[in-house]
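# What the coordinates show
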Amino acid sequence: MNSTNNNKESEKVKETQAAPSGETMVSVQDYIGEGYALPYGNATNKIAEENLEQIEEAAIKFFQEKYKTDVTVHNVVGAKDGATVFIESAGEPHFYTYAVVPIDETSEKVDIGNIQADEYQVQNAIQGGLYHMIFKEEFGQLDHYLNSLAEKGQITGKTEEALQNVGGHGFMTPYYFISTASEDAAIKPVYDLYLQNPEESINNLKDAYDESLFDKENFQINIQLFMKDKQAEPSKEVFNQVTKDLEEMNNIPKGTYSFYLNDNFIHAETSEGAKDNSLKRAFPDYIIKE
């Protein structure tokens, strides 16, 4: 998948997960996923709540059996003919993703036995977590830079609760998430090795990574920052400085970077922060680190 397709996939995820029907905006510092909604989910949401314990047990079992990964269930949101189950992996590789459990509204039954997940989304999530494990030093530089920006007081990121309850985009921090392509040949051997043995050593995972097959178009780091002041418009000065810094830094992970600077608010129903006034450096003018 190239950057264009990766971008389209991100849009597809948004369409699948979001159900915008109002203009409820919440300060990013206060947003924990409350108010998030999916299309036609009112009736199934109630049924899901009544069967929450069963759904949680089924999701944990599903990820243990299919992906040999222990997970924590953070949130269940009703949708058309089912409910989306938001999960977080326990330990490394660290990632957020989701599964879907079918619900029959007529009989008010939850089909626990047919819980499933989008294989591409889960693979993307695990591969992003594996990239973060393998390139811990480089990601440490990026994390240090973004944390230092926040400490200066002008920008902030999403809350951990928001990532847990309605994140689902793979490896995520308050400031960015990682997107990988299913055909990313460089990380695929690492992914396969992890599925064979989740206890594999970090050295063996690093050895399985094939640097010669790395394609920057298959690996994206999507940075999303917010103004800390509730009254502030996205600052051109901050945007230009961060863009310049990202272009000049040589010790952060290689790949394709997008960067959005939003005002202070998140749309509660979709968890999206980008708006018409957002400043962005994204498709087709990404920041490329080679």
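Basis of the calculations
- Residues numbered from 1 in each chain as written.
- Predicted model: local features only at pLDDT ≥ 70, side-chain atom pairs only at ≥ 80, totals over all residues.
- Heavy atoms only, no water.
- Helix = DSSP H or I, 4+ residues; strand = E, 2+ residues; numbered from the N terminus.
- Buried < 20%, exposed > 50% of the residue type's maximum accessible area, 1.4 Å probe, protein only.
- Polar contact = N/O pair within 3.5 Å; in protein donor to acceptor, adjacent residues only side chain to side chain.
- Contact = heavy atoms within 4.5 Å.
- Phe/Tyr/Trp six-rings, centres within 6.5 Å; stacked < 30°, edge-to-face > 60°.
- Lys NZ or Arg CZ within 6 Å of the ring centre and 35° of its normal.
- Axes fitted to C-alpha atoms, helices over the stretch in contact; angles between N-to-C directions.
- Parallel < 35°, antiparallel > 145°, perpendicular 65-115°, else oblique.
- Left-handed = near helix turned anticlockwise from the far one by under 90°.
- Nonpolar A, V, L, I, M, F, W, Y, C, P; charged D, E, K, R; others polar.

Mapped onto the fold, Gln-123 is located in helix α4 (residues 119-134). Take Gln-123: its relative accessible area is 12%, and that puts it in the buried class. Reaching out from Gln-123, the side chain makes a polar contact with the backbone oxygen of Ser-182 at a distance of 3.2 Å. When residues no more than four places from it in sequence are discounted, the contact partners of Gln-123 are Ser-182, Lys-188 and Tyr-191.

To continue, consider the packing of aromatic side chains. Under the counting rule described, the total for this entry stands at 14 aromatic pairs. Ring centres of Phe-86 and Tyr-98 lie 6.3 Å apart, and the angle between their planes is 55°; this geometry places the pair in the tilted category. Highlighted residues: Phe-86 in strand β3 (residues 82-89) and Tyr-98 in strand β4 (residues 96-104), separated in sequence by 12 residues. Each member of the pair, Phe-86 as well as Tyr-98, is classed as buried. Ring geometry for Tyr-131 and Phe-219: centres 4.1 Å apart, planes at 35°, overall tilted. Of this pair, Tyr-131 sits in helix α4 while Phe-219 sits in strand β8 (residues 219-227), placing them 88 residues apart in sequence. Counting every residue linked through ring pairs, the aromatic cluster contains Tyr-131, Phe-135, Tyr-209, Phe-214 and Phe-219. The ring centre of Tyr-40 lies 5.8 Å from the NZ or CZ of Lys-80, which sits over that ring.

This next bit is on the packing of helix α5 (residues 136-151) against helix α9 (residues 236-248). As a packed pair, α5 and α9 sit with axes 12 Å apart at the nearest point and diverge in direction by 165°. Classed by the angle they form, the pair α5 and α9 counts as roughly antiparallel. Crossing handedness for the pair α5 and α9: right-handed. Within the contact between the two elements, α5 uses Leu-142, Tyr-145 and Leu-149 and α9 uses Gln-241, Val-242, Asp-245 and Leu-246. Each residue belonging to the contact of α5 with α9 can be placed in one class, and the counts come to 5 nonpolar, 1 polar and 1 charged.

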